[in-house]
There are 4 protein chains.
Amino acid sequence: MKTIDLNCDLGESFGAYKIGNDEQVLPHISSANIACGFHAGDPHVMNQTVLLAKKYGVAIGAHPGFQDLVGFGRRAMAVSASDVYDLVLYQIGALSAFCQPHDVKLTHVKPHGALYNMAAVDTSLAEAIARAIANFDPELALYGLAGSKLIAAGAAQGLKTVSEVFADRTYQPDGTLTPRTQPNAVIHDSNAAIKQVLQMVKEQTVQTITGEVIPIKADSICVHGDNIHALEFVKDLRHALTKEGITIKAIR
Amino acid sequence: MKTIDLNCDLGESFGAYKIGNDEQVLPHISSANIACGFHAGDPHVMNQTVLLAKKYGVAIGAHPGFQDLVGFGRRAMAVSASDVYDLVLYQIGALSAFCQPHDVKLTHVKPHGALYNMAAVDTSLAEAIARAIANFDPELALYGLAGSKLIAAGAAQGLKTVSEVFADRTYQPDGTLTPRTQPNAVIHDSNAAIKQVLQMVKEQTVQTITGEVIPIKADSICVHGDNIHALEFVKDLRHALTKEGITIKAIR
Amino acid sequence: MKTIDLNCDLGESFGAYKIGNDEQVLPHISSANIACGFHAGDPHVMNQTVLLAKKYGVAIGAHPGFQDLVGFGRRAMAVSASDVYDLVLYQIGALSAFCQPHDVKLTHVKPHGALYNMAAVDTSLAEAIARAIANFDPELALYGLAGSKLIAAGAAQGLKTVSEVFADRTYQPDGTLTPRTQPNAVIHDSNAAIKQVLQMVKEQTVQTITGEVIPIKADSICVHGDNIHALEFVKDLRHALTKEGITIKAIR
Amino acid sequence: MKTIDLNCDLGESFGAYKIGNDEQVLPHISSANIACGFHAGDPHVMNQTVLLAKKYGVAIGAHPGFQDLVGFGRRAMAVSASDVYDLVLYQIGALSAFCQPHDVKLTHVKPHGALYNMAAVDTSLAEAIARAIANFDPELALYGLAGSKLIAAGAAQGLKTVSEVFADRTYQPDGTLTPRTQPNAVIHDSNAAIKQVLQMVKEQTVQTITGEVIPIKADSICVHGDNIHALEFVKDLRHALTKEGITIKAIR
């Protein structure tokens, strides 16, 4: 029986600032990546989000990012591998502290934003992240862009890796995402996006912007819950997957 | 054989900013309280300080404080017990993440600055701190001001508590520290300070500012390493204690 | 002809985090208090909010607060008068920099949250705020709680002061607000709130919770724009004031 | 009569963290670039540093940087021109607020660290900085690397520009600094550094690492005051310049 993981970034509120509809999206996903207080999230939000993920039986992951709250961790920064090792370890530790009291286990780590993108193409940053995770707990799974250096670094460290694919992004012939600077980077039609997901999950292939069909490893689909449209899409996607006999299920 | 713990706040540097002479003071103490990135410290400093404490065989504790870097965690803040629970848990988790990879154990927690002072007199904050520690790891010891609400809250949670006394502060007849706003709050003479410590350790009593001798629980002496004078005092104190047959030794 | 000022706190978004419906409330108010990047706001938001206030012809004020983003500046902190002087001056300067390029003038300063509340009752903090404003630009008006130490300190510095009253809060016989810890602190009925405002503006009196009618100086009404209900109330209040022949108008 | 400006970055302390020997270096320089609270400095430090610069008759400049305290503003960040415009304007405004009360004038702006380096080679960031300055006060001078895009952008905005050269850095045949990644990037011999400065000031030329003599615009020498060695060098440099009949003098 085919299974697929649906993961979503959660716990991104901060103090009086609210982002996302965490409780609305949780019933529809299998894995939550929870912000750890650097690019988003605060200790109170982290605690509440862990509790909420537990309530819906969703796997709990750390979602570490750059210490750039005003930029939401989306701005690339000239960091060293050592900087990255330390900031990932710090954030995993901080989030894991909220798992113990609620008697749940931290299952995975997915880097956020600019850190995710930089680690996808930079071997030394990818290796630093993988090493931080392996040193903290070698049972943790590492989420990364399918086909990226991050996935390779995780495998080299002996970690369980989770190749992430995107429903609404187009792919280049070399398997990378079409950069957002290009006009055809995003799939705006929901049905086309769902069709792309079904092909990725069932065939482990994707049709590139040039029309070729190439292999792609699809362990988890990244979905969003920060607006009504995104929530609707998650429900539709879940329905389409289920209809095809595919079970939504966390990696572990 | 009598033993006593000497503890010191370490790892207070931040980025390009250096505070303290951590490597100079480490050979003379038995327990280090390491800042966790809120009032002082950063992920890199935390990692390095854990490594340094390990090198000198010094017990490693988390030193959580308020998220007030510019005030160094010394300014009282109107926080709720829930705020305190979450920020203590977060910081303990963050520091503990650096212990695992260096194969050392986190042994204790000592709140910092305004958080320490507020928890000494406020039962609900003290209880929040004790609960955060017990929920994270009930084997951790809790440091607090001798005779304070924090020590009481730790005991109520079933934690090992460590009653802290001060070499250079005078005591009131009720066992509390003379407030710094009063002229006789600080003992400036090193010999008098050492004499006070010896009495506290050997007799478990202290002479108050009114001349009375009262009982005091002295499990650990708080020392400083942030200037030459402080370093000299630690060496002198260590020498005086050893001469009296008292062993400097961490709680566990 | 009677006039009254309606003021609202704006520019409270931060990076990816949005708070408030600034453009919806601006057509209905006469003065905007713009957050300055410490408790809320960031340089981009400040620039945009100044531009928006200009578009609607609304008077622009600085809204300095404590450097406590996660607490939204609402938590009292043990600050010195010197701390307050420096942080108010810094924030006024920062906001004023965005006025020059848009060819608008900074007209007033209203402290935020815990700083506002502490300065209402603490003469030395009130004096520090008034002195910072007077040193920056003695033409700036100072907003404070009607009857507070802050208003007194502003007057003592020779500043134009603006006594602020609240539509939906009840008053004690001594003219102070009923603390929010008490059950009758807030007026939940819109009509009763509007009635209270009309009496304050027309008679410069207010009926206290014990039924007495006492004098109150009402130069400006504080309104909110952060939810639909608040927006509706501002429109209703504006309509009621206009119907009574009272003009909504900034202080200068 | 020949004159030259000696500028130094000051006011880099933060809360309990001290960096630099501001009062020791001030008697020897003509211009101070004061940190504005983003990469270093805080409102109290800014106020004190302005006062100190006034005491020694040193010209006061704003030294804006990235909001990256832990990285001391030295890490390149993927910022937009609009981000840079807003953060420069904010920081100039904040510093200028401390000039007014001490009755001194802000005379110049010098971007810090990664912002300085990025603006040296990126026209759109350089233009954003120049425009922020011109919009705030067109009388302010703009400091930049001699021959850089930042100097060109300042000139295009009609600003007075100040071309900065370095005593202890070597130059490439195209007039750029030898990157620090290369072994011969830094001149370690004090006499050689002083000789280079004298040539730059007197001849407006510099000998490159390949032995050629090329023209260079030298309006100001960047010096440091953060350690004993640097302080000694400033004194020696000042002495050598004075001996050659060159007057140390701010730009205005």
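Before reading on, note that the structure itself is shown above.
The rules we used
Residue positions are counted from 1 within each chain, in the order its sequence is given. As they are written, the chains are lettered A onward and the ligands numbered 1 onward, keeping that order. Side-chain atom pairs in this predicted model are given and counted only at pLDDT of 80 or more, local residue features only at pLDDT of at least 70, and totals for whole chains, interfaces and linings cover all residues. Calculated side-chain values reflect all of the structure's heavy atoms, with hydrogen atoms and water omitted. Each copy is superposed on the other by least squares, with the fit set by C-alpha atoms of residues at a pLDDT of at least 70 in both. Any two residues whose heavy atoms approach within 4.5 Å are treated as being in contact. Computed with a 1.4 Å rolling probe, the buried area is the accessible surface lost when two parts are put together, summed over both parts. What qualifies as a polar contact is a pair of N or O atoms within 3.5 Å, subject to a donor-acceptor requirement within protein and to the restriction that residues adjacent in sequence count only when both atoms come from side chains. Here the nonpolar group is Ala, Val, Leu, Ile, Met, Phe, Trp, Tyr, Cys and Pro; Asp, Glu, Lys and Arg are the charged ones; every other residue, Gly included, is treated as polar. Exposure classes here rest on a 1.4 Å probe applied to the protein chains alone. A residue is buried below 20% of its type maximum, exposed above 50%, and partly exposed in between. Only DSSP runs of H or I covering at least 4 residues are called helices, and only runs of E covering at least 2 are called strands; the numbering of each starts at the N terminus. This arc describes the spread of directions from the helix axis toward the C-beta atoms. Any Phe, Tyr or Trp ring, taking Trp's six-membered ring, that has another such ring centre within 6.5 Å forms a pair; planes under 30 degrees apart are called stacked, those over 60 apart edge-to-face, and the others tilted. Both a distance and an angle decide whether a charge sits over a ring: NZ of Lys or CZ of Arg must be within 6 Å of the ring centre and within 35 degrees of the ring normal. Simply put, an axis is a line fit to the C-alpha atoms, just over the touching stretch for a helix, and the angle between two N-to-C directions goes from 0 to 180 degrees. An angle below 35 degrees is treated as roughly parallel, one above 145 as roughly antiparallel, one from 65 to 115 as roughly perpendicular, and anything else as oblique. The sense of a crossing depends on the near helix, which, turned anticlockwise from the far helix by less than a right angle, makes the crossing left-handed and, turned clockwise, makes it right-handed. Two strands qualify as a pair provided that DSSP identifies no fewer than 2 bridges between them.

The next subject is the relation of the copies chain A and chain C. In the superposition of chain A on chain C (RMSD 0.0 Å, axial shift 0.0 Å), the rotation amounts to 180°. Between the two chains, the operation in question is that of a two-fold axis. It is Tyr 17 of chain A whose C-alpha, among those of chain A, lies nearest the rotation axis, at 3.0 Å. Mapped onto chain C, 100% of the interface residues of chain A are again interface residues, and the two copies thus contact each other with one and the same surface.

Think of interface size as the accessible area that goes away when the parts come together; that is how it is often given. On the chain C side, the residues contacting the 15 residues of chain A number 15 residues. Across the interface of chain A and chain C, roughly 1,100 Å² is buried in total on both sides, 76% from carbon and sulfur atoms. The three residues of chain A that bury the most area against chain C are Ala 16, Tyr 17 and Val 70 of chain A, which together make up 57% of that side's buried surface. One can count two residue pairs in polar contact (both at pLDDT 80 or more) joining chain A with chain C. Broken down by class, the residue content of the side of chain A that touches chain C amounts to eight nonpolar, four polar and three charged.

Of all the positions in helix H4 (residues 113-121) of chain D, only Ala 114, Leu 115, Tyr 116, Met 118, Ala 119 and Ala 120 of chain D are classed as buried. Each element contacted by the buried residues of H4 of chain D is listed here: helix H3 (81-96), helix H5 (123-136), strand E5 (141-145), helix H6 (149-156) and strand E6 (160-166) of chain D.

Turning our attention to the relation of the copies chain A and chain B. With an RMSD of 0.0 Å, the fit of chain A onto chain B corresponds to turning through 180° and sliding 0.0 Å along the axis. Most of the interface of chain A is mirrored in chain B: 100% of its interface residues are interface residues there too.

All names here are of chain B. With respect to the element layout, Asp 9 can be found in strand E1 (residues 3-10). Of the polar contacts made by the side chain of Asp 9, one reaches the side chain of His 63; its length is 3.3 Å. A distance of 3.5 Å separates polar atoms of two side chains, one belonging to Asp 9 and the other to Lys 110.

The next subject is the interface of chain A and chain B. If you look at the interface, chain A gives 21 residues, while chain B gives 21 residues. Taken over both partners, the interface formed by chain A and chain B buries close to 1,700 Å², and the fraction arising from carbon and sulfur atoms is 63%. In terms of surface lost to chain B, no three residues of chain A exceed Pro 43, Asp 86 and Tyr 90 of chain A, which account for 33% of the buried area on that side. Linking chain A with chain B are eight residue pairs in polar contact (both at pLDDT 80 or more). If you list the elements that add at least two residues to the side of chain A that touches chain B, you get helix H2 (43-55), helix H3 (81-96) and helix H5 (123-136) of chain A. Looking at the side of chain A that touches chain B, the element that brings in the most residues is H3 of chain A, giving eight residues. Residues that form the side of chain A that touches chain B fall into these classes: 13 nonpolar, seven polar and one charged.

Bringing the environment of Val 223 of chain D into the picture now. Residue and element names in this part refer to chain D. With respect to the secondary-structure elements, Val 223 resides in strand E9 (residues 220-223). Measuring from C-alpha to C-alpha, the distance between Val 223 and Ala 81 comes to 29 Å, with 142 residues separating the pair along the chain. If sequence neighbours within four positions are ignored, Val 223 has contacts with Asn 7, Cys 8, Asp 9, Ile 29, Val 234 and Leu 237.

Before going further, it helps to spend a moment on H6 of chain D. All names here are of chain D. Within H6, the full set of buried residues consists of Leu 150, Ile 151, Ala 153 and Gly 154. Taken end-on, H6 shows its buried residues confined to a sector of 160°, consistent with a single buried face. Those residues of H6 that are buried lie in contact with H4, H5, E5 and E6. The backbone nitrogen of Leu 150 lies 3.3 Å from a side-chain oxygen of the residue at the head of H6, namely Ser 148. Within two residues after H6, Gly 158 carries a phi angle of roughly 80°, on the positive side.

By the definition in use, this model includes 16 aromatic pairs over all chains. Ring centres 6.1 Å apart and planes at 65° place the aromatic pair Tyr 90 of chain A and Tyr 90 of chain B in the edge-to-face group. Taken together, the residues span two chains, with Tyr 90 of chain A in helix H3 and Tyr 90 of chain B in helix H3 (residues 81-99). Taking relative accessible area as the criterion, Tyr 90 of chain B reaches 2% and is therefore assigned buried. A centroid spacing of 5.3 Å and a plane angle of 55° characterise the contact between Phe 38 of chain B and Tyr 90 of chain B, whose relative ring orientation is tilted. Here the residue Phe 38 of chain B occupies a position in the loop between strand E2 (31-35) and helix H2 (43-55), and Tyr 90 of chain B occupies one in helix H3, the gap between them amounting to 52 residues. For Phe 38 of chain B, a relative accessible area of 7% corresponds to the buried category. An aromatic cluster of at least three residues, connected via ring pairs, comprises Phe 14, Tyr 17 and Phe 72 of chain A together with Phe 14, Tyr 17 and Phe 72 of chain C. Stacked on the ring of Tyr 116 of chain D, the Lys or Arg Lys 110 of chain D has its end atom at 5.8 Å from the ring centre.

What follows covers the packing of helix H3 (residues 81-96) of chain C against H3 of chain D. One can describe the packing of H3 of chain C onto H3 of chain D by two numbers: an axis separation of 7 Å at closest approach and a directional angle of 135°. Considering their axes alone, H3 of chain C and H3 of chain D lie oblique with respect to each other. Considering how the two elements wind past one another, H3 of chain C and H3 of chain D form a crossing that is right-handed. Here Tyr 90, Gly 93 and Ala 94 of chain C of H3 of chain C come into contact with H3 of chain D, specifically with Tyr 90, Gly 93 and Ala 94 of chain D. Grouping the constituent residues of the contact of H3 of chain C with H3 of chain D by class yields four nonpolar, two polar and no charged.

Residue and element names in this part refer to chain D. Among the eight residues in strand E1 (residues 3-10), seven count as buried, and that is most of the element. Where E1 and strand E10 (residues 247-248) come together, two bridges link them in parallel fashion. In the sheet register, Ile 4 faces E10, and the bridge partner there is Ile 248. Here E1 pairs with E9 via four bridges, running parallel. When the sheet's bridge partners are listed, Leu 6 is paired in E9 with Ile 221. Pairing between E1 and strand E2 (residues 31-35): four bridges, direction parallel. Note on E2: the bridge partner recorded for Asp 9 is Asn 33.

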